[in-house]
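Now for the letters of each chain:
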Amino acid sequence: MAQDIRTPAAEAAAQAAVPPAPVPPTAPRGRRRAWDEVPRWQIYLPLGVYLLFTLVPFYWILLFAVRQSGSTSLVPWPMTTEHFEKVWTERSFATFFQNSLLIGLATLVMTTVIALAGGYALARFDFRARKGFMLALLCSQFVPGALLLVPLFQIFANLRMINSLGSVIIAETVFQLPLSMILISGFIKNVPYSLEEAAWVDGCSRFAAFRIVVLPLLRPGLVAVGSFAFVHAWNHFLFALMFLSSQEKQTIPVGLNTLMGADSVDLGALAAGGVIAAVPVVVVFAFIQKWLVTGFSAGAVKG
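Residues numbered from 1 in each chain as written. Predicted model: local features only at pLDDT ≥ 70, side-chain atom pairs only at ≥ 80, totals over all residues. Heavy atoms only, no water.

Right, let's talk about the overall build of the protein for a bit. For the protein, the count of helices and strands is 13 helices and 0 strands. Within the protein, the proportion of its 303 residues that are buried is 32%. Taking contacts inside the protein between residues at least 6 apart in sequence as the whole, the part at least 24 apart equals 72%. Within the structure as shown, the protein displays about 19,800 Å² of accessible surface, and the carbon and sulfur contribution to it stands at 68%. (Helix = DSSP H or I, 4+ residues; strand = E, 2+ residues; numbered from the N terminus. Buried < 20%, exposed > 50% of the residue type's maximum accessible area, 1.4 Å probe, protein only. Contact = heavy atoms within 4.5 Å. Areas by Shrake-Rupley, 256 points an atom, 1.4 Å probe, with all protein chains shown as cover.)

Another point: the side chain of Thr251. Mapped onto the elements of the fold, Thr251 is located in the loop between α11 (238-243) and α12 (252-258). When neighbours within four sequence positions are excluded, Thr251 is seen to be in contact with Phe96, Asn99, Ser100, Ile103, Ala240 and Leu244.

A few words now on helix α9 (residues 206-217). It helps to recall that an α-helix has 3.6 residues per turn; residues three or four apart then point in one direction. Relative to the 16 Å expected for 12 residues at 1.5 Å per residue, α9 spans 16 Å between its end C-alpha atoms, a close match to the ideal helical length. Looking only at α9, the buried set comprises Ala208, Ala209, Phe210 and Val214. Lining the buried residues of α9 we find α4 (93-124) and α8 (193-201). (Expected span 1.5 Å × (residues − 1).)

When pLDDT is averaged along the protein, the result is 80; 83% of the residues meet or exceed 70. This model gives residues 299-303 a pLDDT under 50, and the stretch forms 6 contacts once residues within four places in sequence are excluded. (pLDDT = per-residue confidence, 0-100.)

Further remarks concern the environment of Ala229. Looking at where Ala229 falls in the secondary structure, it is placed in helix α10 (residues 219-235). Taking C-alpha positions, Ala229 is 9.5 Å from Phe175, a pair spaced 54 residues apart along the chain. Leaving out residues up to four positions away in the same chain, Ala229 has contacts with Thr107, Leu108, Thr111 and Gln176.

Now for the nonpolar core. Among the nonpolar cores identified, the biggest contains 19 residues, and Ala65, Val87, Phe93, Trp234, Ile252 and Leu256 are the most heavily contacted of them. Of all the secondary-structure elements, those providing two or more residues to this core are α2 (41-66), α4, α10, α12 and α13 (267-299). Leu256 has contacts with Phe93, Leu270, Gly273, Gly274 and Ala277, leaving out every residue within four places of it along the chain. In this structure, Phe187, Leu218, Leu222 and Val225 belong to the second largest nonpolar core, which totals 18 residues. (Core = buried A, V, L, I, M, F, W, Y, C linked by side-chain atoms within 4.5 Å.)

Inspection of every chain in the model, using the stated rule, returns 12 aromatic pairs. Measuring from centroid to centroid gives 5.0 Å for Tyr120 and Phe210, while their planes differ by 70°, and the two rings are edge-to-face. Taken together, the residues span a long stretch of sequence, with Tyr120 in helix α4 and Phe210 in helix α9 at a distance of 90 residues. The same class applies to Tyr120 as to Phe210, namely buried. Members of the aromatic cluster, each reached through a chain of ring pairs, are Phe153, Phe156, Phe175, Phe239 and Phe243. Sitting over the face of the ring of Phe64, Arg67 holds its NZ or CZ atom 4.7 Å from the ring centroid. (Phe/Tyr/Trp six-rings, centres within 6.5 Å; stacked < 30°, edge-to-face > 60°. Lys NZ or Arg CZ within 6 Å of the ring centre and 35° of its normal.)

Quick look at the pattern of salt bridges now. Here the structure, examined in full by the defined rule, presents 2 salt bridges. Across the pair Arg124 and Glu196 runs a salt bridge, and its minimum N-O distance is 2.6 Å. With Arg124 in helix α4 and Glu196 in helix α8, the pair connects residues that are 72 residues apart, well separated along the chain. Note that Arg130 is salt-bridged to Asp126, the shortest N-O span being 3.7 Å. (Salt bridge = Lys/Arg side-chain N within 4 Å of Asp/Glu carboxyl O.)

On to the side chain of His83. Along the chain, the position of His83 falls in helix α3 (residues 82-90). Relative accessible area serves as the criterion here: at 6%, His83 is assigned to the buried category. Sequence-distant contacts of His83, defined by excluding residues within four places in its chain, comprise Phe64, Ala65, Arg67, Gln68, Ser69, Gly268, Ala269 and Ala272.

In the Ramachandran plot, Ser92 falls in the positive-phi region, its phi being about 60° despite a non-glycine side chain. Within the element layout of this structure, Ser92 appears in the loop between α3 and α4. Looking at Ser92, the relative accessible area reads 24%, which means it is partly exposed. Of note, the phi angle at Arg160 is positive, near 60°, even though the residue is not glycine. Among the structural elements, Arg160 can be located in the loop between α6 (149-158) and α7 (165-189). With a relative accessible area of 80%, Arg160 lands in the exposed category.

Let's shift gears to the packing of α7 against α10. It is at 10 Å that the axes of α7 and α10 come closest, and there the two elements cross at 160°. Judged by the inter-axis angle, α7 sits roughly antiparallel to α10. Pair α7 / α10 crosses with right-handed handedness. Of the residues in α10, those in contact with Glu172, Gln176, Ser180, Leu183, Ile184 and Phe187 of α7 are Gly221, Leu222, Val225, Phe228, Ala229, His232 and Ala233. Residue composition of the contact of α7 with α10, grouped by class: 8 nonpolar, 4 polar and 1 charged. (Axes fitted to C-alpha atoms, helices over the stretch in contact; angles between N-to-C directions. Parallel < 35°, antiparallel > 145°, perpendicular 65-115°, else oblique. Left-handed = near helix turned anticlockwise from the far one by under 90°. Nonpolar A, V, L, I, M, F, W, Y, C, P; charged D, E, K, R; others polar.)

Rendered as structure tokens:
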């Protein structure tokens, strides 16, 4: 019996002679699924209604802020700045603005620094009470600030910090820390641990490796956490109302409350104060929106 011996060249030629398997026909490009054929007006109409619902209050407050007193026109012409001058000089909004800015910046710095240290510990160290501590941080978000006003007031009274901006800064920082630590720990987990180990091999200490390698990569997350801490401290009304008694220590939200009397409300002055209160927040988010979106996208992916 003759033995069938095939060389590699013969096997390759035999495989090439086999015809390829038929490819199933594809659907024509012109045909689409039913849910892909959505008219554009069904998309733009809800978005337009939502945009109108959002922008009308802003136009209304601007209208009252720049419209002359006694006018009922829907077009603010001729425009005036008398309401801004009134609240800025006569209503001490310059002092309120300075106090709010100081509280917001101090809360931003303290919250970011403490949350950065705590978030690094939660992300890099595996200690026994870590899960319980994380659970306690999450549960603290369900406690309203009004529930702790009395004990906080007693603590600050014993420390002689009532009517001091420091009391509001400490209270705002404490209430911002739990969520900030959770967010920053998530950002740090997205940074590969091997980068720090490589820095240790090159002779860096743990702190130097964190400062040189990890900290630059956390910039979007720090911007996101710091911006929310600043905005919350800028807009918060309750702590400033309870812990600050003198007018020269009040903040913007409390100053807006003083513009509403028992019998009448100066709508022009109130609108001008609202515009002054909104401008810093709008400016901050206009400059950090790129970092803010990057920070949210980085924190949404588990490393």
